[in-house]
Amino acid sequence: MTSPASDSLPQPLMRLEDVGRTYLMGEVSVNVLRNVSFEIRRGEFLAIVGPSGSGKTTILNLIGGLDNPTQGRIWYAGQELTRATPSQLTKYRRHEVGFVFQFFNLVPNLTARENVAVSCELSRRPQDIERVFEQVGLTERENHFPSQLSGGEQQRVAIARAVAKNPALLLCDEPTGSLDFETGKRVLRVLVDLNRQWHKTVVVITHNTALAQVADRVLHLRSGAITSIDENAAPLPPEEVEW
Amino acid sequence: MLDRKLVRDLVGSRGLLLAITSIMAVGVTCFVSFRSAYHNLDDAQARYYRQCRMADFWIDVKKVPLAELPAVGRVPGVEELRSRIVFSATVDLEAVPQPLNCQVISLPDRPGPVINDIVLRQGGYFSEQRPDQVIVNDAFARAHRIYPGQSLHLILNNRRQPLQVVGTAISSEFTYLLGPGALVPDPEHFGVFYIKQSYAEDVFDFAGAANQVVGRFSPVDAASREAALQRAESLLEPFGALQATPLSQQVSNQFLSNEIAGLGVTATIIPAVFLLVAAAVLNVLVNRLARQQRTVIGTLKALGYGDAQVALHFLKFGTSVGVLGGLLGSGLGYLAATGMTALYRQYFEFPDLRSEFHWYTHAVGMSVSLACSVLGSLHGAREVLRLSPAEAMRPERPRQGGAIWLERLRFVWSRLSSGWRIALRTVFRSRLRTGAGLFAAAMGSGMLSAGFIMLEIQDFLLDFQFQRIVRSDLDLAFVDERGREAWDEVRSLPAVDYSEPLLQVGCTLVHGPYHRKAGVTGLVRGSRLTVPRDQRGTRIEMPGSGLVLSRRLAEILHVQPGDRLTMIPTQGERRPVETRVARISDTYIGLAAYAEIEELSRLVGEEFAMTGAQLLIDPLPSARLALFRRLKETPGVQAVVSREDLIQSMTETLLQNQLVFIGMLVLFAGVIFFGSIVNSSLVSLAERRREVATLRALGYTPWQLGALFLRESLLVHATGTLLGLPCGYGLVWAAAEAYRTNDLIRMPVITAPWVWWGTLLMALAFILLSHLVVQLRIHRLNVLEALNVKE
Ligand SMILES: Nc1ncnc2c1ncn2[C@@H]1O[C@H](COP(=O)(O)OP(=O)(O)OP(=O)(O)O)[C@@H](O)[C@H]1O
Ligand SMILES: [Mg+2]
């Protein structure tokens, strides 16, 4: 499960085909995703928007190989994720994907640097930690524990952790969800820079339509189904977003 | 990097880990110490037996000419024989008013590798210089400060003989040396004296004869050995074969081997309890840790850590407890084994009983403790590790808040205060924690109650055997059978208030294919100083005719009251006599058979015969002194047993042991209770930090909140304690069952109310004491911080 070296544009990085996800809650089965099909292009910045409970996190988990669909198929770089074994999925997560969570999910008793190192250790070609910290603008905070960092700083550590192992795909679940406006913008800036300068494919979940203005494409989700996919001809820089 | 998290996790829950580690360490300590002591004793026994060339069998006869022995030596299966002259006698020490009992044994005039050889401790072997040389057993010499070069007097064959001490020695035959009627060694009142073969032949008029044959078997199977011993015994039958004792029934060996076997059993049971409890408690802790770190686990998996790597992380957490507990246990176990071995030196006389480092035992202890910690931690983390990463990252689904079954019992439930309701709900919902708590408390209380029952049994047994069956102050044994005039003589001794005659006749009891050699004791009708009793303690009257047999003996012979059996005396004309079993009595030490003294006398062809007497004596010290002085001068007295001394030395030793025993028991049970309760309460507190902080903010006092946790802990651990009571009883019952067919010692299962109350009170004390730790945590809880925790 490795990304092909060729940069031939026509092949998408990821493809979902008629994907559905059902949860069994005792007797009742809840249909959380229905017939979802779309592609993620190599190097794009994709935003997924939708109201709470519409299935955004569920999609992200499926893309990130954290969960399996109950229906449909998912391809990553020509390989079918839905037929991968658990250990192949682990390898996929390890080498191809970087996760950023809404609540940061840092290991509380490790320092910022150590949290990042936890992820570097997994990678065959990790980024230089110093450089990553520089990129997220946290060089001075390296040796602080999560509890000694502000929310925005914690989220930037989380991003640093996701990028440090040098994945092709960065998946962010409401990265600004628990941050204030200004801090949110700074975090967004980091993500945009990673997309533009380091050529990472970035998928960002948000329920805030305004934020989607920075993305190349916006996928609209409602009650577990795609309502539309919009191309953004001129993505805004994060600083100009109003919300 | 994860290892750093590990270290910080470990430091973070150090209090709890300490509790678990201590349980585990005690378990390993017990295992290592008992097992090491087992090996120390076992090895020392093997070495000692080899060094002394310990006999495989002993055959006592009245008197056998040495010329007859080669025939015995040719019995297939018998490899080697030695004949010797063995007599009970009394020692007259100037410094001691009373005559002391001893065994006199002949040894070759010149040293050689004989069977049942001695190991010299001081001085040397016999020399050519003079015939009347004696080697004293070392413990007796130490107790009376007897050194080579001194002289002392033995009453041998009714004559007071001066003897020259040339050395002191020990022998494997008397590793555990017991005087007549005793249960624990009393070196002050009983000794062994080795004299020259030639001298013994001389003083006992045994020229060219012996009265004991000791021998070794050639390496053959058990059945052939038994056959060989039977053949040898029957060859000696014409010379009055009193008794044939294989090594397995030899008293010293029996005590030592019982002790070694007991250590082996203890080394399994107690550590098993501790390690299981530790695993259960660790299970609870790791479970809590894993649940708390749900998101961390999910995140690590999302980052690309494999299941195995994450599991390994929690495994390392658990195994660090195992390693620490194992190491601590190894160290402490070695120290404890050294202590135990030193203690054993007080009872067992060995040339080189030393504490050795049995690496294999330590390795086993370490592996078992590791295995338990692996089991405990994997099982604890299993649930969370199994979650898919997406699942793990979602907050834990609240425990089903449904009603517990107790709530359906309306009339009970409606009567409970809300505090009890909360406690009951928590107890029923946290099954894992409740289960571990119940188990630990049950084991702790099982251990306590079993220990207390053992104490009660010991008291009962000593009282039964030494106060109720035998009630005399002083027992006399004569060298020969005497007539009625001997009784008059005894009665006329100074300070004798009351006396009863005794007649001991060695007999073979035969019932169909079953037979057994046993001493039959003749008692006067309505005897007061030896009173056969049944289990309930009711006295059994001597029947006009027939035998009273102790239960175990009746079992061996397969007889019941009313059955007929044949009695063949082992001495004299050995004429078989038909008699019947009149009653069954109970005794817990050895085997016993009683008959009316005149009936028994007729059996040996006399109108009245006695071989000893039991006395009640004037308690005045001066009166006793006068009696002892007279007894020293009275010929024909083979042994004088002061029962007061016997009981005193026994209770002293046993009391000292009991104190150690109780101390260990309380310590062990305490560690179990304390470790388990502190762990489960602190885990419960950690889970409900926010709840507690919220309640504090609402205005609850720390004590009110503490009461909440105390209720929970009481519910679980008091129930567990109650469950443990039958476990304790069962354990003792099983032990008693294992001893049921032991000919030397058996035990009744006796309980008393204090056993149960004591266990409950102890448990309550432990529960309250451990609660203090929790209460302290609640007092120290930083409310603001706790309200802000995000888990
Ligand atoms: N493990 C689960 N079991 C049952 N239902 C689930 C589970 N996971 C998600 N759901 C349900 O699926 C639906 C979609 O969930 P999802 O987390 O994808 O929503 P979301 O769009 O991310 O919402 P939000 O913006 O609030 O994060 C919700 O109704 C949720 O209750
Ligand atoms: Mg979501």
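Residues numbered from 1 in each chain as written. Chains lettered and ligands numbered in written order. Predicted model: local features only at pLDDT ≥ 70, side-chain atom pairs only at ≥ 80, totals over all residues. Heavy atoms only, no water.

Overview of the overall build of chain A
Within chain A one finds six helices and ten strands. Over its C-alpha trace chain A gives a radius of gyration of 17 Å, about what one expects of a compact globule, namely 18 Å for 243 residues. Here the C-alpha coordinates of chain A stretch approximately 50 × 45 × 40 Å along the principal axes. Burial status across chain A gives 56% buried among its 243 residues. Long-range pairs, those at least 24 residues apart, make up 72% of the contacts in chain A between residues at least 6 apart in sequence. Summed over its atoms, the accessible surface of chain A is roughly 10,400 Å², and 47% of this surface lies on carbon and sulfur atoms. Here chain A holds 26 positive side-chain charges and 28 negative ones, and the gap between their average locations is 5 Å. (Helix = DSSP H or I, 4+ residues; strand = E, 2+ residues; numbered from the N terminus. Rg over C-alpha atoms; globule rule 2.2 N^0.38 Å. Buried < 20%, exposed > 50% of the residue type's maximum accessible area, 1.4 Å probe, protein only. Contact = heavy atoms within 4.5 Å. Areas by Shrake-Rupley, 256 points an atom, 1.4 Å probe, with all protein chains shown as cover. Lys, Arg positive; Asp, Glu negative; His and termini not counted. Charge placed at Lys NZ, Arg CZ, Asp CG, Glu CD.)

Focus on the overall build of chain B
Tallying secondary structure elements over chain B gives 23 helices and 20 strands in all. Projected onto the principal axes, the alpha-carbon positions of chain B cover approximately 100 × 60 × 55 Å. Buried residues in chain B amount to 55% of all 791 residues. For chain B, long-range pairs separated by at least 24 residues make up 81% of all intrachain contacts whose partners lie at least 6 apart in sequence. Taking the average place of the 79 positive charges on the side chains of chain B and the average place of its 71 negative ones, the gap between the two points comes to 14 Å.

Here we look at the interface of chain A and chain B
Contacts between chain A and chain B engage 23 residues on the former and 21 residues on the latter. For the pair chain A and chain B, the summed buried area comes to about 2,000 Å², and 61% of that belongs to carbon and sulfur atoms. Looking only at chain A, the three residues that lose the most surface to chain B are Leu66(A), Asn109(A) and Glu114(A), adding up to 23% of its buried area. At the boundary of chain A and chain B, one finds two salt bridges. (Buried area = accessible area lost by both parts, 1.4 Å probe. Salt bridge = Lys/Arg side-chain N within 4 Å of Asp/Glu carboxyl O.)

Section: the packing of helix α14 (residues 431–469) of chain B against helix α19 (residues 643–687) of chain B
Residue and element names in this part refer to chain B. Packing of α14 against α19 brings their axes to within 9 Å, and their N-to-C directions diverge by 170 degrees. With respect to each other, α14 and α19 are oriented roughly antiparallel. The residue inventory of the contact of α14 with α19, partitioned by class, reads 20 nonpolar, ten polar and four charged. (Axes fitted to C-alpha atoms, helices over the stretch in contact; angles between N-to-C directions. Parallel < 35°, antiparallel > 145°, perpendicular 65-115°, else oblique. Nonpolar A, V, L, I, M, F, W, Y, C, P; charged D, E, K, R; others polar.)

Points about the nonpolar core
All names here are of chain B. In terms of nonpolar packing, the biggest core is built from 136 residues, with Phe-274 and Phe-314 touching the most fellow members. When residues in this core are grouped by element, the largest group, 20 residues, is from helix α7 (residues 251–292). With 44 residues, the next largest nonpolar core counts Leu-493, Leu-557, Ala-593 and Met-610 among its residues. (Core = buried A, V, L, I, M, F, W, Y, C linked by side-chain atoms within 4.5 Å.)

What to know about the site of ligand 1
Residue and element names in this part refer to chain A. Neighbouring ligand 1 are 14 residues, the closest being Ser-52, Gly-53, Lys-56, Thr-57 and Thr-58. In the environment of ligand 1, an oxygen atom lies 2.8 Å from a nitrogen or oxygen atom belonging to the backbone of Gly-53. Glu-174 places a side-chain nitrogen or oxygen 3.5 Å from an oxygen atom of ligand 1. Here ligand 1 loses 75% of its free accessible area of 630 Å² to cover by the protein chains. For the shell around ligand 1, the elements supplying multiple residues, two or more each, are β1 (14–25) and α1 (56–63). No other element matches the three residues that α1 contributes to the shell around ligand 1. Among the residues forming the shell around ligand 1, the class breakdown is four nonpolar, six polar and four charged. (Near = heavy atom within 4 Å. Polar contact = N/O pair within 3.5 Å; in protein donor to acceptor, adjacent residues only side chain to side chain.)

A closer look at the packing of α19(B) against helix α21 (residues 702–739) of chain B
In helix packing, the relevant descriptors are the interaxial angle and the interaxial distance, both defined with respect to the helix axes. All names here are of chain B. Where α19 contacts α21, the axes come no closer than 10 Å and their chain directions differ by 145 degrees. Considering how the two elements wind past one another, α19 and α21 form a crossing that is right-handed. Of the residues in α21, those in contact with Phe-673, Ser-676, Ile-677, Ser-680, Ser-681, Ser-684 and Leu-685 of α19 are Phe-709, Glu-712, Ser-713, His-717 and Thr-721. Here the contact of α19 with α21 is built from residues that sort into four nonpolar, seven polar and one charged. (Left-handed = near helix turned anticlockwise from the far one by under 90°.)

Some words on the packing of aromatic side chains
Residues and elements named next belong to chain B. Under the defined criterion, the tally for this structure stands at 21 aromatic pairs over all chains. Relative to Phe-350, the ring of Phe-348 has its centre 6.5 Å away and its plane inclined at 50 degrees; by these criteria the two rings are tilted. With respect to class, Phe-348 is no different from Phe-350; both count as buried. Here Phe-460 and Tyr-588 contribute two aromatic rings whose centre-to-centre distance is 6.1 Å and whose plane-to-plane angle is 65 degrees, an arrangement assigned as edge-to-face. Of this pair, Phe-460 sits in helix α14 while Tyr-588 sits in the loop between β17 (577–585) and β18 (593–596), and the two are 128 residues apart along the sequence. According to the relative accessible area criterion, Tyr-588 is buried, its value standing at 6%. Ring pairing ties together the aromatic residues Tyr-48, Tyr-176, Phe-255, Tyr-344, Phe-348 and Phe-350, which thus form one cluster. The ring of Tyr-38 carries Arg-35 above its face, with NZ or CZ at 4.6 Å from the centroid. A cation sits over an aromatic face here: Lys-63 above Phe-206, 4.7 Å from the ring centre. (Phe/Tyr/Trp six-rings, centres within 6.5 Å; stacked < 30°, edge-to-face > 60°. Lys NZ or Arg CZ within 6 Å of the ring centre and 35° of its normal.)

Concerning the pattern of salt bridges
Taken as a whole and judged by the stated rule, the model has 49 salt bridges over all chains. Where salt bridges share partners, they join Arg516(B), Arg552(B), Glu555(B), Glu737(B), Arg740(B) and Asp743(B) into one cluster.

Side note on the confidence of the model for chain A
The share of residues in chain A with pLDDT of 70 or more is 95%, and the mean pLDDT across the chain is 86. Every residue in residues 1–9 of chain A is under pLDDT 50, and counting partners more than four places away or in other chains gives 14 contacts. (pLDDT = per-residue confidence, 0-100.)

Notes on the sheet that holds strand β1 (residues 57–65) of chain B
All names here are of chain B. What the four strands build is an open sheet, ordered β2-β10-β1-β11; its pairing is antiparallel. A single partner strand is all that each edge strand has here, and the edge strands are β2 (78–84) and β11 (241–246). Here the strands of the sheet are splayed against their neighbours by 25 degrees on average, with no regard to which way each runs. Alignment of β1 against strand β10 (residues 209–217), held across six bridges, turns out to be antiparallel. (Pairing = 2+ DSSP bridges.)

Some thoughts on the pairing of strand β4 (residues 71–76) of chain A
Residue and element names in this part refer to chain A. In the sheet, β1 pairs with β4 via five bridges, with the strands oriented antiparallel. In the strand pairing of β4, Gly-20 is matched with Gln-71. Judged from the two bridges that link them, β4 and strand β5 (residues 79–80) form a sheet pairing that is antiparallel. Pairing of Tyr-76 across the sheet is with Gln-79, part of β5.

Here we look at the state of the cysteines
Joining two cysteines, a disulfide is a covalent bond between their sulfur atoms. All names here are of chain B. Counted under the stated rule, the structure contains zero disulfides over all chains. Summary of cysteine pairing: Cys-372 is not part of a disulfide, and the nearest cysteine sulfur, belonging to Cys-30, is at 14 Å. For Cys-372, a relative accessible area of 12% translates into the label buried. (Disulfide = S-S within 2.5 Å.)

Some words on a nonpolar patch on the surface
Residues and elements named next belong to chain B. Residues Leu-324, Leu-328, Leu-332 and Leu-335 make up a contiguous nonpolar surface patch of roughly 370 Å² in combined accessible area. Among the secondary structure elements, Leu-335 is positioned in helix α9 (residues 307–347). You can call Leu-335 exposed: its relative accessible area is 56%. (Patch = residues over 30% accessible without salt bridge, like charges linked within 9 Å, V, L, I, M, F, W, Y side chains within 5 Å.)

Focus on the sheet that holds strand β10 (residues 225–231) of chain A
Residues and elements named next belong to chain A. With mixed pairing, six strands are arranged side by side in an open sheet as β6-β7-β8-β3-β9-β10. Strand pairing shows two members of the sheet lacking a second neighbour, β6 (97–100) and β10, which therefore form its edges. Within the sheet, the average angular offset between the axes of one strand and its neighbour, ignoring direction, is 15 degrees. Relative to strand β8 (residues 201–206), strand β7 (residues 169–173) runs parallel, the two being bridged by five bridges. From the neighbouring strand, Asp-173 faces β8, where its bridge partner is Ile-205.

So, the side chain of Ser172(B)
Secondary-structure assignment places Ser172(B) in the loop between β8 (159–170) and β9 (190–196). Discounting chain neighbours no more than four positions away, the residues touching Ser172(B) are Tyr48(B), Tyr49(B), Cys52(B), Met54(B) and Ser252(B).

Side note on helix α2 (residues 14–52) of chain B
In an α-helix, one full turn covers 3.6 residues, which means residues spaced three or four apart are oriented alike. Compared with the 57 Å implied by 1.5 Å per residue over 39 residues, the 54 Å span of α2(B) between its first and last C-alpha is a close match. A positive backbone phi angle near 55 degrees is found at Arg53(B), which sits one or two residues after α2(B). (Expected span 1.5 Å × (residues − 1).)

Observations regarding the environment of Gly706(B)
All names here are of chain B. With respect to the helices and strands, Gly-706 occurs in helix α21. Using a relative accessible area of 0% as the deciding quantity, one classes Gly-706 as buried. Here Gly-706 is in contact with His-771, Gln-775 and Ile-778, once residues within four sequence places are set aside.

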